[in-house]
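Topology and contacts: notes
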Amino acid sequence: MEFSSKLLQNAVNEMSQLPGIGKRTALRLVLHLLRQPPTQTEYLVNALRELRTEIKFCKKCHSISDIEICEICSNPNRKNTVICVVEDIRDVMAIEATSQYRGLYHVLGGKISPLDGIGPQDLTIQSLLDKVKSGDVQELIFALSATMEGDTTNFYIYKQLEGTAVKISTIARGIGVNDELEYADEVTLGRSIINRVPFENALKNS
Ligand SMILES: [Zn+2]
């Protein structure tokens, strides 16, 4: 792509670093911003800057939060003996949208993926294990996507907790293989949480 302006080129290059945004789309977005009042761009830049400088992660569940302990973790009406293990905040949002779950969450921050160089130590797994071993947790519900990485991560955690009294279950897979949780419709996802199965059963079937 040939640019008549270095400024335009820089903006397009930065924008096209985002996933799913090719050079052409980046150019369209940048030209759109140029047609808007300058304040529009300022709001965007400020929102992104504040996001990066002020964002916090909940000290308990590791989900993105504006406060130290997120609203879910600090809600006394949530059942703190059940923890749903998810990959990121999109899963929390998807499950919350079903209104079928009243327990807490633990956000891993990704999945174990040797090919991408992501090991257990890169995720919040140790914090989860500590939480379980400290006592109050009676049940963990695995709700990672049904991918090889998701299965590997579930199995790793399961193995680490062998011999403890915690009950481990996994959401029923009405959701198709490789479907990410965030795309499952609310009814299907809600049902799969209610109809969760013991993790051992899921192991036998796979
Ligand atoms: Zn939290």
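Everything quoted here is computed from the prediction, not taken from an experiment. (Residues numbered from 1 in each chain as written. Predicted model: local features only at pLDDT ≥ 70, side-chain atom pairs only at ≥ 80, totals over all residues.)

**Notes on the nonpolar core**
In terms of nonpolar packing, the biggest core is built from 31 residues, with Cys84, Val85, Val86, Tyr105, Leu140 and Ala143 touching the most fellow members. Secondary structure elements with two or more residues in this core: strand 3 (79-86), helix 4 (89-98), strand 4 (103-107), helix 5 (125-133) and strand 5 (139-142). If sequence neighbours within four positions are ignored, Leu140 has contacts with Ile83, Val85, Val132, Val166 and Ile168. (Core = buried A, V, L, I, M, F, W, Y, C linked by C-beta atoms within 7 Å. Buried ≥ 20, exposed ≤ 12 C-beta atoms within 10 Å, placed from the backbone. Helix = DSSP H or I, 4+ residues; strand = E, 2+ residues; numbered from the N terminus. Contact = placed C-beta atoms within 7 Å.)

**Re the domain arrangement of the protein**
As far as domains go, the protein holds domain 1 (6-54) and domain 2 (70-205). Each of domain 1 and domain 2 has a C-alpha centre, and these two points are 35 Å apart. (Domains from an automatic or database assignment.)

**A short note on the UniProt feature "zinc finger region: C4-type" (unreviewed entry) in the protein**
UniProt's entry tags residues 58-73 with the feature "zinc finger region: C4-type" (unreviewed entry), counted in the numbering of this structure. The distance separating the terminal C-alpha atoms of residues 58-73 is 8 Å; by composition the span is 0% helix and 12% strand. (UniProt positions renumbered as here; feature names shortened; annotations may be inferred.)

**Here's the deal with unusual backbone geometry**
Positive phi, close to 70°, is recorded for His62, a residue that is not glycine. When you line up the elements, His62 lands in the loop between strand 1 (56-57) and strand 2 (64-65). At Ser99, a position not held by glycine, the phi torsion is positive, near 55°. Inspection of the secondary structure assignment puts Ser99 in the loop between helix 4 and strand 4. Since 9 C-beta atoms lie within 10 Å of it, Ser99 is described here as exposed.

**Description of the pairing of strand 5**
Sheet topology places strand 3 next to strand 5; 4 bridges connect them, and they run parallel. Pairing of Val82 across the sheet is with Glu139, part of strand 5. As paired elements, strand 5 and strand 6 (residues 167-170) share 4 bridges and run parallel to each other. Paired with Leu140 across the strands is Ile168, a residue of strand 6. (Pairing = 2+ DSSP bridges.)

**Side note on the packing of helix 1 (residues 6-15) against helix 2 (residues 23-35)**
Between helix 1 and helix 2, whose axes approach to 8 Å, the crossing angle comes to 120°. Considering the angle they form, helix 1 stands oblique to helix 2. Judged by the sense of rotation from one axis to the other, the crossing of helix 1 with helix 2 is right-handed. Here Leu8, Ala11, Val12 and Met15 of helix 1 come into contact with helix 2, specifically with Lys23, Ala26, Leu27, Leu29 and Val30. For the contact of helix 1 with helix 2, a count of residues per class yields 8 nonpolar, no polar and 1 charged. (Axes fitted to C-alpha atoms, helices over the stretch in contact; angles between N-to-C directions. Parallel < 35°, antiparallel > 145°, perpendicular 65-115°, else oblique. Left-handed = near helix turned anticlockwise from the far one by under 90°. Nonpolar A, V, L, I, M, F, W, Y, C, P; charged D, E, K, R; others polar.)

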